[in-house]
Amino acid sequence: MGNNHTLVGAARVFNPQVSLSDAGGVLFYCVDESKGFTEDRRTKKRTGTPDDVNPVLQYRTTLKKTPDGVWSTVSLETERGGCDK
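Just so it is clear, the structure is predicted and the values come from calculations on it, not from any experiment. Each chain has its residues counted from 1, following the order in which its sequence is written. Under the rules for a predicted model, residues below a pLDDT of 70 receive no local features and side-chain atom pairs below 80 are neither given nor counted, while totals for whole chains, interfaces and linings still include all residues. To obtain the side-chain values, all non-hydrogen atoms of the structure were included, while hydrogens and water were left out.

Draft legend 1. Structural context of the overall build of the protein chain. Per the convention used, a helix needs a DSSP run of H or I reaching at least four residues, while a strand needs a run of E reaching at least two, with both numbered from the N terminus. Within the protein chain, the secondary structure is distributed over zero helices and seven strands. Just to be clear, the radius of gyration here is over C-alpha atoms, and the globule rule we use is 2.2 Å times residues to the power 0.38. Relative to the 2.2 N^0.38 estimate, which gives 12 Å for 85 residues, the radius of gyration of the protein chain is 16 Å and therefore markedly larger than a compact globule would have. By principal-axis analysis of the C-alpha atoms, the protein chain measures approximately 50 × 30 × 15 Å. Only protein chains enter the accessibility calculation, which uses a 1.4 Å probe; a residue is then buried when its area is under 20% of its type maximum, exposed when over 50%, and partly exposed in between. Considering the protein chain as a whole, with its 85 residues, one finds that 21% of them fall into the buried category. Two residues qualify as a contact provided that any one of their heavy atoms is within 4.5 Å of a heavy atom in the partner residue. Taking the intrachain contacts of the protein chain between residues at least 6 apart in sequence as the baseline, contacts between residues at least 24 apart amount to 50%. Element-wise, carbon and sulfur atoms account for 50% of the exposed surface of the protein chain, whose accessible area totals about 6,200 Å². Only the protein chains shown count as cover for residues, and the accessible areas themselves come from Shrake-Rupley with a 1.4 Å probe.

Dropping the structure here:
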């Protein structure tokens, strides 16, 4: 996404799953982006997910606990269609 773009619309987040241990954790969740768009702030033109592309993504977030006991994100990966498995 370029500097003149922003995300607009709605995204439905569902099916969260978390696995935590003293060493760290992983958070999985699904996001349906079918009602979300990229908008050019100058032209106001909106672009959505193409019809031939699955709008549902699975997010995998690796977590680590700080010395203060706060969980923070270490890495984030996405897989388009990963929630359909």
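Draft legend 2. Geometry of the sheet that holds strand 2 (residues 12–21). At least two DSSP bridges between two strands are required for those strands to pair. One open sheet accounts for four strands, arranged 2-3-6-7; its pairing is antiparallel. What marks the edges here is a single partner per strand, and that holds for strand 2 and strand 7 (71–80). The sheet shows a mean angle of 15° between the axes of neighbouring strands, direction not considered. Pairing between strand 3 (residues 24–32) and strand 6 (residues 56–65): eight bridges, direction antiparallel. Paired with V26 across the two strands is T62, which belongs to strand 6. Every axis in this analysis is a line fitted to C-alpha atoms, fitted for helices over the stretch in contact. Angles between the N-to-C directions lie between 0 and 180 degrees.

Draft legend 3. Geometry of the packing of aromatic side chains. Ring pairs are drawn from Phe, Tyr and Trp, using the six-membered ring of Trp, whenever the two centres fall within 6.5 Å, and their geometry is named by plane angle: stacked under 30 degrees, edge-to-face over 60, tilted for the rest. A complete count under the given rule lists one aromatic pair for this structure. Look at Y29 and Y59: their rings are 5.1 Å apart centre to centre, the planes differ by 5°, and that puts the pair in the stacked class. Here the residue Y29 occupies a position in strand 3, and Y59 occupies one in strand 6, the gap between them amounting to 30 residues. Y59 gets classed as buried once you look at its relative accessible area, which sits at 16%. Think of it as a cone above the ring: NZ of Lys or CZ of Arg counts as a charge over the ring if it is within 6 Å of the ring centre and within 35 degrees of the ring normal. The side chain of R12 reaches across the aromatic face of F14, ending 4.1 Å from its centre.

Draft legend 4. Structural view of the layout of surface pockets. Estimates place the volume of the largest pocket at around 200 Å³. What lines the largest pocket is a set of 14 residues, and nearest its centre among them are L7, V8, E33, G36 and F37. As a working rule, the residues Ala, Val, Leu, Ile, Met, Phe, Trp, Tyr, Cys and Pro are called nonpolar, Asp, Glu, Lys and Arg charged, and the rest polar, with Gly in that last group. Each residue belonging to the lining of the largest pocket can be placed in one class, and the counts come to six nonpolar, six polar and two charged. In the cavity and pocket records, a cavity denotes points on a 1 Å grid over the protein atoms alone where a 1.4 Å probe fits but cannot get out, a pocket denotes an open set with protein on both sides within 12 Å along at least 5 of 7 lines, and lining residues are residues with an atom within 4 Å of a point. Grid points are joined across faces, edges and corners, and a volume is the space filled by probe spheres set on the points.

Draft legend 5. Focus on the state of the cysteines. The disulfide criterion used throughout: a pair of cysteine sulfur atoms within 2.5 Å. Following the criterion strictly, the structure yields one disulfide and no others. Shown here is the disulfide that connects C30 with C83, its sulfur atoms set 2.0 Å apart. Measuring the twist about the S-S bond at about -105°, one finds the C30-C83 disulfide to be left-handed. Of the two residues, C30 is situated in strand 3 and C83 in the segment after strand 7; the sequence distance between them amounts to 53 residues.

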